[in-house]
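Given next are the chains, with one letter for each unit.
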Amino acid sequence: AKGDGRGVYRYYADEMTQSARERLHLETRLRRALVDDQLVLHYQPQVELQTGRIVGAEALVRWMDPEHGLIPPGRFIPVAETTGLIGDIGAWVLAEACRQGKAWLDEGLPPLTLAVNVSPRQFRHADLAAQVMQTLIETGLPAEQLELELTEGALMEREQEALDVLQRLRAIGVGVAIDDFGTGYSSLAYLKRFPLDVLKIDRSFIADIPNDPDDMEIAAAVIAMGHSLGIRVLAEGVETVDQLAFLRFKHCDRYQGFLCSRPVPPDEFAALLRAQITR
Ligand code: C2E
Ligand code: CA
Ligand code: CA
Ligand code: CA
């Protein structure tokens, strides 16, 4: 009842226990998912604008839950991030993407850039460069084919350490992309300090092209700035031919989006590549 302070408190306490219990439950299931091979990677094509050819793929994790079906990463990556499970998941994603990339290479498919997401926590805690080096050796994927997607937040948190990791990755020959560019801290000074290969324009700046003139200015400015710094620019979330035409006109290097394909299972992705070879 109203005014019953203790009752209200009890109510919230129950709520919290409930959500904590749910999180623990999810964490337990997720841990088992890793052991039981319930995680899978889907691949979304990255297309070169000039040629229209698929030149890369972003690996995106999904959870094949026997009870609930395919669970998207937005539903479990944040939990994994807060529980620390992201370290194991991240290591699995990296190894699986590299293994798949090497398998495609061995099947005679053209070399691709394989883009792998690295969460902020994974970037901060693991010895990322050593882990990457080890994984490349174990899988046999050429370093030049691997690209790590980091967020601005991860880089800005401990700049000196971040710079050190990026320099080691550069020395190995692995590429580095800034994911969701324009949505984070965006102190532009870091573009000069960090050795970067790719800026990925966040899809929120692409969605309203050609209706929003501000977004068009921002996208064009990012492309121009990237190029003047010697950094490749990729547009995310391209869904329409108008968006594609605009990006081509502005000399954007690559794009990703439903216009070409949704993220698909590995065999479907390989089929897309084969269709392209025979074209
Ligand atoms: P992200 O890295 O920004 O990935 C792009 C997301 O946009 C993907 O969602 C993709 O399916 C979606 N997308 C691609 N093209 C379009 C489009 O044309 N329109 C629209 N509306 N959406 C598009 P997904 O696969 O659900 O992944 C969501 C987020 O989960 C990712 O965002 C990333 O932050 C995270 N994530 C996914 N896989 C991994 C992973 O292996 N490790 C880590 N740490 N995070 C991951
Ligand atoms: Ca990404
Ligand atoms: Ca992104
Ligand atoms: Ca995004």
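Since this is a predicted model, take the numbers as computed values, not measurements.

Enquirer: Explain empty space enclosed by the protein to me, please; I cannot follow it from the model alone.
Expert: Over the atoms, a rolled probe matching the size of one water molecule traces out where space is still vacant. Under the defined criterion, the tally for this structure stands at one cavity of 30 Å³ or more. No other element matches the three residues that helix 3 (residues 86-106) contributes to the lining of the largest cavity. Partitioned by chemical class, the residues of the lining of the largest cavity number seven nonpolar, two polar and no charged.

Enquirer: Would you mind showing me how to read the coordination of the calcium ion (ligand 3) here?
Expert: Six octahedral donors around a metal ideally make angles of 90 or 180 degrees; four tetrahedral donors ideally make 109.5 degrees. At the metal site, the calcium ion (ligand 3) is ligated by Asp179 (OD), Asp180 (OD), Glu236 (OE) and Glu236 (OE), and these contacts range over 2.1 to 2.7 Å. We classify aspartate 179 as buried; its relative accessible area is 8%.

Enquirer: I tried to follow the site of ligand 1 on my own but got confused; where do I start?
Expert: Taken together, 19 residues lie near ligand 1, and Gln44, Arg62, Asp179, Glu239 and Phe258 sit nearest. Taking glutamine 44, its side chain carries an N or O atom lying 3.0 Å from a nitrogen atom of ligand 1. For ligand 1, whose free accessible area comes to 800 Å², the fraction covered by protein is 80%. Counting atoms within 2 Å of the grid points, the majority share of ligand 1 lands in the largest pocket.

Enquirer: I tried to follow the nonpolar core on my own but got confused; where do I start?
Expert: Core analysis: the largest hydrophobic core is formed by 79 residues, its most contacted members being Phe123, Leu146, Leu148, Leu155, Leu169 and Leu196. Element by element, the count of residues in this core is highest for helix 3, at seven residues. If near-sequence neighbours (up to four positions away) are discounted, leucine 196 is found in contact with Leu155, Leu166, Arg170, Val176, Ile178, Tyr190, Leu191 and Ile231.

Enquirer: Is there a simple way to explain the coordination of the calcium ion (ligand 2) in this structure?
Expert: Ligation of the calcium ion (ligand 2) by protein atoms is provided by Glu58 (OE), Asn117 (OD1), Glu149 (OE) and Asp179 (OD), these donors lying 2.1 to 2.3 Å from the ion. In terms of primary sequence, the donors binding the calcium ion (ligand 2) are separated according to E-x58-N-x31-E-x29-D. We classify asparagine 117 as partly exposed; its relative accessible area is 26%.

Enquirer: Hey, could you run me through the pattern of salt bridges in this one?
Expert: Any two side chains of opposite charge can pair if their charged atoms end up close together. Under the defined criterion, the tally for this structure stands at 14 salt bridges. Here glutamate 157 and arginine 124 are joined by a salt bridge, their closest N and O atoms 3.4 Å apart. Of this pair, glutamate 157 sits in helix 6 (residues 152-157) while arginine 124 is found in helix 4 (residues 120-125), placing the two residues 33 residues apart along the sequence. Since its relative accessible area comes to 45%, glutamate 157 is described here as partly exposed. With a shortest N-O distance of 2.5 Å, lysine 200 and glutamate 149 are connected by a salt bridge. Placement of the pair is lysine 200 in strand 7 (residues 198-201) and glutamate 149 in strand 5 (residues 146-151), with a sequence separation of 51 residues. By relative accessible area, which is 0% here, lysine 200 ends up buried. Among the residues examined, glutamate 149 registers a relative accessible area of 1% and is labelled buried. In the salt-bridge network here, residues are joined through shared partners; they are Glu58, Glu149, Lys200 and Glu236.

Enquirer: What's the story with the side chain of glutamine 100 in this structure? I'm lost.
Expert: Assignment of secondary structure puts glutamine 100 in helix 3. Assessed through its relative accessible area of 8%, glutamine 100 is described here as buried. If we ignore the near neighbours within four places in the chain, the residues touching glutamine 100 are Tyr43 and Pro266.

Enquirer: Mind showing me how you'd approach helix 3 here?
Expert: For an α-helix the count is 3.6 residues per turn, leaving residues at separations of three or four pointing the same way. Taking 1.5 Å of rise per residue, the 21 residues of helix 3 would be expected to cover 30 Å, and the 30 Å separating its terminal C-alpha atoms lies within 8% of that figure. Listed in full, the buried residues belonging to helix 3 are Ile86, Ile89, Gly90, Val93, Leu94, Glu96, Ala97, Cys98, Gln100, Gly101 and Trp104. Taken from the residues just after helix 3, glycine 108 is the one with a positive phi, measuring 90 degrees.

Enquirer: Help me understand the packing of aromatic side chains in this model?
Expert: Two aromatic rings are characterised by how far apart their centres lie and by the angle between their planes. Tallied over the full model, the rule gives five aromatic pairs. Seen in terms of ring centroids, tyrosine 43 and phenylalanine 269 are 6.2 Å apart; in terms of plane orientation they differ by 45 degrees. Their pairing is tilted. Placement of tyrosine 43 in strand 1 (residues 39-48) and of phenylalanine 269 in helix 11 (residues 266-278) is noted, with a sequence separation of 226 residues between them. For phenylalanine 269, a relative accessible area of 0% gives the class buried. If you follow arginine 262 out to its NZ or CZ, it ends over the ring of phenylalanine 258, 4.0 Å from the centre.

Enquirer: Just to check I follow, could you spell out the pairing of strand 7 for this structure?
Expert: The side chains of a regular strand alternate, first on one face of the sheet and then on the other. Along strand 7, one buried face is formed by Val198 and Lys200 and the opposite face, lined by Leu199 and Ile201, is buried too. In this sheet, strand 7 lies alongside strand 6 (residues 175-181) in parallel orientation, the contact comprising three bridges. Paired with isoleucine 178 across the strands is leucine 199, a residue of strand 7. Handedness of the crossover is the feature at issue here: the chain leaves strand 7, passes through helix 9 (residues 213-228), returns alongside strand 8 (residues 232-235), and the resulting connection is right-handed.

Rules of the game
- Residues numbered from 1 in each chain as written.
- Chains lettered and ligands numbered in written order.
- Predicted model: local features only at pLDDT ≥ 70, side-chain atom pairs only at ≥ 80, totals over all residues.
- Heavy atoms only, no water.
- 1 Å grid on protein atoms, 1.4 Å probe; cavity = no way out; pocket = protein on both sides within 12 Å on 5 of 7 lines; lining within 4 Å.
- Points joined across faces, edges and corners; volume = space filled by probe spheres on them.
- Helix = DSSP H or I, 4+ residues; strand = E, 2+ residues; numbered from the N terminus.
- Nonpolar A, V, L, I, M, F, W, Y, C, P; charged D, E, K, R; others polar.
- Donors = N, O, S within 2.8 Å, 3.2 Å for Na, K, Ca; no water.
- Buried < 20%, exposed > 50% of the residue type's maximum accessible area, 1.4 Å probe, protein only.
- Near = heavy atom within 4 Å.
- Polar contact = N/O pair within 3.5 Å; in protein donor to acceptor, adjacent residues only side chain to side chain.
- Areas by Shrake-Rupley, 256 points an atom, 1.4 Å probe, with all protein chains shown as cover.
- Sits in = over half its atoms within 2 Å of the grid points.
- Core = buried A, V, L, I, M, F, W, Y, C linked by side-chain atoms within 4.5 Å.
- Contact = heavy atoms within 4.5 Å.
- Salt bridge = Lys/Arg side-chain N within 4 Å of Asp/Glu carboxyl O.
- Expected span 1.5 Å × (residues − 1).
- Phe/Tyr/Trp six-rings, centres within 6.5 Å; stacked < 30°, edge-to-face > 60°.
- Lys NZ or Arg CZ within 6 Å of the ring centre and 35° of its normal.
- Pairing = 2+ DSSP bridges.
- Right-handed = clockwise from strand over helix to strand, strands pointing away.

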